[in-house]
Amino acid sequence: QLDYSQAELRVLTALSGDPYLLNIYETGGDLHDMMATKVFGPDFTKEQRVITKSLNFGIAYGRGPGSIAKMFKLTMPEAVKIVKDWYSAVPEVEKFIQKKRREPFQGENCKTHFGRERHFVITSENRYHVANEAINFPIQSTASDLTLLSILELHKYIKSRELDAKIVATVH
C-alpha cells in the first residue's frame, strides 16, 4: 500500500508558492501543528489542532467561517477570526485562491500544468459552486495526475523486476 501524504495540500503549496508552507514541507515539519501555532499560539489545544486540520484540508474547497462555526460550535466572530488568522499565516495561498475563484467570472477557463481544462457555465444559482470548483479543480486534477504518473512508474518497476505484484486499486 502506498499513499501520498497530504497530496492536495502539497499541490496547493506548489501552485501558490507560499513560502511558509514550502518551508514546512522542505524541513519536514508537522503542517497541522505549525498552522495551529500560527492560528492559536504555541499552547494550542487538541481541539484547536482539529479545527486547524479541518481548515488546512477544507479552505481551498470553500470551507469558510460559517462551516467552521457550525461544525465546531463556535460563534461567527470566532470562526471569522480563525479563518483570518489562518490566511494571515499563508498570504500567497490566499492570493492564489482568490485569483482562481475570480477566473471563471473573467471568462478564463481553469487549466492545469498537465493540460487539463475545466469549463464553466455560470448561472445566478451556481456562482458559489463555480468559485469553489475553480479552486478545487487545479488542486484535485494535479494531485490526480501526479498519482497516475506514479502508478505508471510503479507499473514499469514491477514489470522490469518481474515482481509478483499487481496494482489492484487506486484512489484519488
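Further up the page is the structure itself.
Predicted model only: the values in this text are computed from it and were never measured. (Residues numbered from 1 in each chain as written. Predicted model: local features only at pLDDT ≥ 70, side-chain atom pairs only at ≥ 80, totals over all residues. Heavy atoms only, no water.)

**A few points about the packing of helix α3 (residues 31-40) against helix α4 (residues 46-58)**
Argument step 1. Where α3 meets α4, the axes come as close as 9 Å, and the angle between the chain directions of the two elements is 105 degrees. The pairing of α3 with α4 is recorded here as roughly perpendicular in orientation. Only Q48, R49, I51, T52, K53, N56 and F57 of α4 make contact with α3, whose side of the interface consists of L31, H32, D33, M35, A36, V39 and F40. (Axes fitted to C-alpha atoms, helices over the stretch in contact; angles between N-to-C directions. Helix = DSSP H or I, 4+ residues; strand = E, 2+ residues; numbered from the N terminus. Parallel < 35°, antiparallel > 145°, perpendicular 65-115°, else oblique. Contact = heavy atoms within 4.5 Å.)

**Digging into the environment of V93**
Argument step 1. With respect to the element layout, V93 can be found in helix α7 (residues 91-102).
Argument step 2. Residues V93 and D164 lie 71 residues apart in sequence; the distance between their C-alpha atoms is 43 Å.
Argument step 3. Ignoring any residue separated from it by four or fewer positions in sequence, one finds V93 in contact with L12, S16, D18, L21 and W86.

**Here we look at the packing of aromatic side chains**
Argument step 1. Under the counting rule described, the total for this entry stands at 1 aromatic pair.
Argument step 2. Summarising the aromatic geometry, the rings of W86 and Y87 are spaced 5.3 Å apart at their centres and angled 80 degrees between planes, so their arrangement reads as edge-to-face.
Argument step 3. The ring of Y20 has K38 lying over it, and the distance from NZ or CZ to the ring centre is 4.8 Å. (Phe/Tyr/Trp six-rings, centres within 6.5 Å; stacked < 30°, edge-to-face > 60°. Lys NZ or Arg CZ within 6 Å of the ring centre and 35° of its normal.)

**Details of α3**
Argument step 1. Taken together, the buried positions of α3 are occupied by L31, H32, M35, A36 and V39. Projected down its long axis, α3 shows its buried positions confined to an angular sector of 120 degrees, all on one face.
Argument step 2. Elements that come into contact with the buried residues of α3 comprise α1 (7-16), α2 (19-27), α4 and α6 (76-89).
Argument step 3. The backbone nitrogen of H32 lies 3.0 Å from a side-chain oxygen of the residue at the head of α3, namely D30. (Buried < 20%, exposed > 50% of the residue type's maximum accessible area, 1.4 Å probe, protein only. Arc of directions from axis to C-beta. Polar contact = N/O pair within 3.5 Å; in protein donor to acceptor, adjacent residues only side chain to side chain.)

**A few points about the pattern of salt bridges**
Argument step 1. A full pass over the atoms with the stated rule returns 9 salt bridges.
Argument step 2. Here R49 ties to D30 by a salt bridge, and the two come within 3.2 Å at their closest N and O atoms. Of the two residues, R49 sits in helix α4 while D30 sits in the loop between α2 and α3, which places them 19 residues apart along the sequence.
Argument step 3. Using a relative accessible area of 35% as the deciding quantity, one classes D30 as partly exposed.
Argument step 4. Between R49 and D33 there is a salt bridge, with its nearest N and O atoms 2.6 Å apart. On the criterion of sequence distance, the pair formed by R49 in helix α4 and D33 in helix α3 is long-range, its members being 16 residues apart.
Argument step 5. Residue class for R49 comes out partly exposed when judged on its relative accessible area of 24%.
Argument step 6. Since its relative accessible area comes to 29%, D33 is described here as partly exposed.
Argument step 7. Salt bridges linked by common partners bring D30, D33 and R49 together as one network. (Salt bridge = Lys/Arg side-chain N within 4 Å of Asp/Glu carboxyl O.)

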